[in-house]
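Secondary and tertiary structure notes
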Amino acid sequence: MRTAVSLRDLRKLMHAIGFPLWNSLSDLLPIIAVVAVFQLLVFQQPLRNAGQLFLGLSMVIIGLSLFIAGLRLGLFPLGEGMAHDFARKGSVPWLILFAFCLGFGTTFAEPALITIANEAAHVKFAEQAGDEARALQRTFALTLRTTVAIAVGIALMLGVVRIIKGWPVQYFILVGYCFVMLITPFAPSNIIGIAYDSGGVATSTITVPLTAALGVGLASSIQGRNPLFDGFGMIALAALTPILFVLGLGIIWP
Amino acid sequence: MNALEIFGNSIYNTIRDVLPLVAIIAFFQLAVLRRPLLNLPRLVCGWCFVVIGLSLFLTGLKLGLFPLGEEMAVQLLQRPEVNIQEAQVVEGAAAIVPFYNYYWTYIFAFAIGVSTTIAEPALIAVAMKAEEVSGGTIRAWGLRLAVALGVGIGVAMGTLRIVLGTPLPYFIITGYVAIMIQTCFAPKQIVPLAYDSGGVTTSTVTVPLVAALGLGLASRVPGRDPVIDGFGLIAFASLFPMMTVMGYAQLAAWLNRRPSQRTSNLE
C-alpha cells in the first residue's frame, strides 16, 4: 500500500519536473532575444564566454522549473493549509500574531535588504571617519532593517485583518500614499530614494508566493469573501508601509 | 568565477532566507494550531525543490546574465552619441548632451525591464494563483505581459528621469494620482491584484540589472549624484505595472462587453 502510493507520487513528481522545463525555456526566451539583439546588432560584438553563458542559462532553466514544481508541491499547499487551519481554529489574535511574525521574520533576514541597509548607512555617513562613525553606521543599518521589518510585519497584520473584515484594499493604499506624499517634503533628500526602493526590496521570491497562498486560502475559507477580490492585496500593503516607515525614520533620525 | 562556489553561496543565502520562515511556521503549527500537516513528505520535498531551484536559478544568473547585462549597460553609456560634451555647449551652462541622444539607453531599459519581468519567479507564482482563483478569466500570460510592459515603461521613464534630473517625488506623486483616478474606473475585481503586481515585480532578476543600469547612468551623466539619483528606478518599476494591469483588465472588460451587447442584453 505504502509503496504503491509513493510510486504514484514519484510519477506525479517526475511529471511535475519534466513538464515545466519547456515552460521555463519560453519564460527565458525574451531575455535571450534582448541580449542577442543588443550584443550582435547594436554593439556589434561577438559573445564572449559563450560556454559560461550557456551553462548559466541551463542552470536558470532547471532552477526555474524546480522552483515552480516546488511551489505547487510545497509552498502553495502549506500556505493555504495553514490559512484553513487558522480559520477553522477561529482565533484571530493568533492569526494576527502569525502574520506579524511572518512579515517581520522574513524581512529582517532578507539578504537584499541587508545589502541595501549597509549601502544606505555607508552613504549617509560617508564624510565622517573613525570608530564613532562606523558605530553610527552599524546602528543606522540595523535601525533601517528593523524599521522595514516592522513595517512589513504590520502590513501583513493589516492585510489579515482586512481579509477578515472584508475591507477593500484600495482605501488602505489611497490613505497610505496620501501619507507618503504628505511626509516626503519633510524627509532628507538622501533618504527618499532609499525609502521608495525599500518597498520593492522587502518582498522576496519566497515570501510573495507564501503570502499570496495565505491570503487566498484565508479569503476562500471565510464565508462571504471572494478569493480574487479579498485574497490579493497583502503584497501591495507590504510594499507600501516600508516607504512610510523609512521616510518617518529619516525625519526622526537626528 | 567558480560555479560551485557561487552555487554554495546561493544555497547559503536561500537557506538563510527560508530558515526564519520555517521556524515561524513550525512554531505556529506545533504550538498554536496543533494539527498534523497533510502529506508532510510531499511538502518537505516541495520546499527542498524551492530552495534548490532558486539557488540554481540565482547561480545561473550570476554566471551568465548579470555580468553580461552590466557589461552591456557600461557599453551603452560609452556610445559616441552620448559622449559629445564639448560639441554642444548650452549658453552659460556646462556642456550638455541632449536627453534624446540617450535613445539607446531608453530602448535598452525598456527591453531589459520587459524581458526580465517575464522570467521573474515571484510574478509567475502570483499569476498562477490568479489564474487558478479567477477560474481562468484572468490569464496567467496576459497578466504577466501586462506587468512586464509596465516594468519596461517604468524603467525607461526612470532612466529618462535620471538623464533629465527631475526630482523623483514629482514623478512618483503624479503616478500615484494617476493610479488613484484609474482605480475609480477599473473593474473592482482586478484592483487588489494590480496593486500586488507592483510589489511582486521587483525581486531576483530585475533588481540587480536595473540597479546596475541606474547607478551606472547616474555616475556618468554630468551633474547627477549616484546617491540621490541612482536609487529610485525600482520605485518606477513598481509604479507602472499597477497602471498596465488595471488597463489590461479595462481592455478585457471592454472587449467582453462589445460582442455581448450585440448578441444579447445580459449585461
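Since the model is a prediction, treat every value here as computed from it, not as a measurement.

**Notes on the overall build of chain A**
On a plain count of helices and strands, chain A comes out with 11 helices and zero strands. Across its three principal directions, the C-alpha atoms of chain A cover 65 × 60 × 35 Å. Out of the 254 residues belonging to chain A, those deemed buried represent 52%. Residue pairs in contact within chain A that sit at least 24 positions apart in sequence constitute 83% of those at least 6 positions apart.

**Some words on the overall build of chain B**
Of the regular secondary structure elements, chain B holds 10 helices and zero strands. Going from N to C terminus, chain B has its helices and strands arranged as α-α-α-α-α-α-α-α-α-α. Considering only contacts in chain B between residues 6 or more positions apart, those separated by 24 or more positions represent 80%.

**Focus on the confidence of the model for chain B**
Residue and element names in this part refer to chain B. Confidence along chain B averages 82 in pLDDT terms, with 88% of residues attaining 70 or more. Per-residue pLDDT stays below 50 along residues 86–95; that stretch engages in eight contacts with residues further than four places along the chain or on separate chains. Across the interface, the model reports ipTM at 0.84; the global pTM reads 0.85.

**Some details on the nonpolar core**
Of all hydrophobic cores here, the largest spans 165 residues; its most connected members are Leu156(A), Val246(A), Val155(B) and Val245(B). Examining the composition of this core, we find that 18 residues originate from one element, helix H3 (residues 50–89) of chain A, more than from any other. Non-local contacts of Leu156(A), meaning those with residues more than four positions away in its chain, are made with Ala99(A), Phe100(A), Leu102(A), Gly103(A), Thr211(A), Met234(A) and Ala238(A).

**With respect to the packing of helix H4 (residues 92–108) of chain A against helix H1 (residues 3–33) of chain B**
Taken N-terminus to C-terminus, the directions of H4(A) and H1(B) make an angle of 165°; their axes are 9 Å apart at the nearest point. Judged by the angle between their axes, H4(A) and H1(B) are roughly antiparallel. Between H4(A) and H1(B) the crossing geometry is right-handed. Contacts between H4(A) and H1(B) involve Trp94(A), Phe98(A), Cys101(A), Leu102(A), Gly105(A) and Thr106(A) from the first element and Pro20(B), Leu21(B), Ile24(B), Phe28(B) and Val32(B) from the second. Broken down by class, the residue content of the contact of H4(A) with H1(B) amounts to nine nonpolar, two polar and no charged.

**Focus: helix H3 (residues 103–118) of chain B**
Residue and element names in this part refer to chain B. Between the first and last C-alpha of H3 there are 23 Å, a value that for 16 residues agrees with the 22 Å anticipated at 1.5 Å per step. Counted residue by residue, H3 has 12 buried out of 16 residues, so it is predominantly covered. If you check which residues of H3 are buried, you get Thr105, Phe108, Ala109, Phe110, Ala111, Ile112, Gly113, Val114, Ser115, Thr116, Thr117 and Ile118.

**Topic: the packing of helix H7 (residues 169–183) of chain A against helix H6 (residues 168–185) of chain B**
Two elements in contact, H7(A) and H6(B), have axes whose closest approach is 11 Å; the angle formed by their N-to-C orientations is 155°. Here H6(B) runs roughly antiparallel to H7(A), going by the angle between their axes. Relative to H6(B), H7(A) is oriented so that their crossing is left-handed. Packed against H7(A), whose contacting residues are Gln170(A), Leu174(A), Tyr177(A) and Met181(A), the element H6(B) presents Ile173(B), Tyr176(B), Met180(B) and Thr183(B) at the interface. Grouping the constituent residues of the contact of H7(A) with H6(B) by class yields six nonpolar, two polar and no charged.

**A closer look at the interface of chain A and chain B**
The interface is formed by 81 residues belonging to chain A together with 79 residues belonging to chain B. Looking at the side of chain A that touches chain B, the element that brings in the most residues is H3(A), giving 25 residues. Split by residue class, the side of chain A that touches chain B holds 54 nonpolar, 21 polar and six charged.

**Here we look at the environment of Leu53(A)**
Assignment of secondary structure puts Leu53(A) in helix H3. Those residues within four positions of Leu53(A) in sequence are excluded, and the remaining contacts are Leu47(A), Gly64(B) and Leu68(B).

**Focus on helix H4 (residues 121–133) of chain B**
Over its 13 residues, H4(B) extends 18 Å from the first C-alpha to the last, a length consistent with the 18 Å expected when each residue adds 1.5 Å. Taken together, the buried positions of H4(B) are occupied by Pro121(B), Ala122(B), Leu123(B), Ile124(B), Ala125(B), Val126(B), Ala127(B), Lys129(B), Ala130(B) and Val133(B).

**Topic: the environment of His122(A)**
Residues and elements named next belong to chain A. With respect to the secondary-structure elements, His122 resides in helix H5 (residues 111–124). Under the C-beta neighbour-count criterion, His122 is labelled partly exposed, with 14 such atoms within 10 Å. Placed 75 residues apart in sequence, His122 and Asp197 show a C-alpha to C-alpha distance of 16 Å.

**Points about the environment of Val151(B)**
Residue and element names in this part refer to chain B. Looking at the secondary structure, you find Val151 in helix H5 (residues 140–164). For the pair Val151 and Gly198, spaced 47 residues apart in sequence, the C-alpha to C-alpha distance is 8.8 Å. Sequence-distant contacts of Val151, defined by excluding residues within four places in its chain, comprise Gly113, Val114, Thr117, Thr201, Thr206, Ala237, Phe240 and Pro241.

**Digging into the confidence of the model for chain A**
Predicted confidence across chain A gives a mean pLDDT of 85, with 93% of residues reaching 70 or more. Put simply, helix H1 (residues 2–18) of chain A is where chain A has its lowest mean pLDDT, 67, and helix H11 (residues 234–252) of chain A is where it has its highest, 91.

Procedures and definitions
Sequence order as written defines residue numbering, which begins from 1 separately in each chain. Going through the entries in the order they are written, you letter the chains from A and number the ligands from 1. Local features in this predicted model are restricted to residues of pLDDT 70 or higher, and side-chain atom pairs are both shown and tallied only at a pLDDT of 80 or more, whereas totals for entire chains, interfaces and linings draw on every residue. Secondary structure elements are defined from DSSP: runs of H or I of at least 4 residues count as helices, runs of E of at least 2 residues count as strands, and each element is numbered from the N terminus. Each residue is classed by its C-beta neighbour count within 10 Å, where at least 20 other C-beta atoms makes it buried, 12 or fewer makes it exposed, and intermediate counts make it partly exposed; the C-beta atoms are placed from backbone geometry. Remark: residues whose backbone-derived C-beta atoms lie within 7 Å of one another are considered to be in contact. Per-residue confidence from the predictor is reported as pLDDT, a score between 0 and 100. Think of a nonpolar core as buried Ala, Val, Leu, Ile, Met, Phe, Trp, Tyr and Cys residues, each tied to the set through C-beta atoms within 7 Å. Angles shown run from 0 to 180 degrees and are taken between the N-to-C directions of axes, each axis being a line fitted to C-alpha atoms and, for helices, limited to the stretch in contact. Note on angle classes: values under 35 degrees are labelled roughly parallel, values over 145 roughly antiparallel, values of 65 to 115 roughly perpendicular, and the remainder oblique. Crossing handedness: left-handed means the near helix sits turned counterclockwise from the far one by under a right angle, and right-handed means the same turn made clockwise. Side-chain classes follow a simple rule in which Ala, Val, Leu, Ile, Met, Phe, Trp, Tyr, Cys and Pro form the nonpolar group, Asp, Glu, Lys and Arg form the charged group, and the remainder, Gly included, forms the polar group. What a helix should span is 1.5 Å times the count of its residues minus one.

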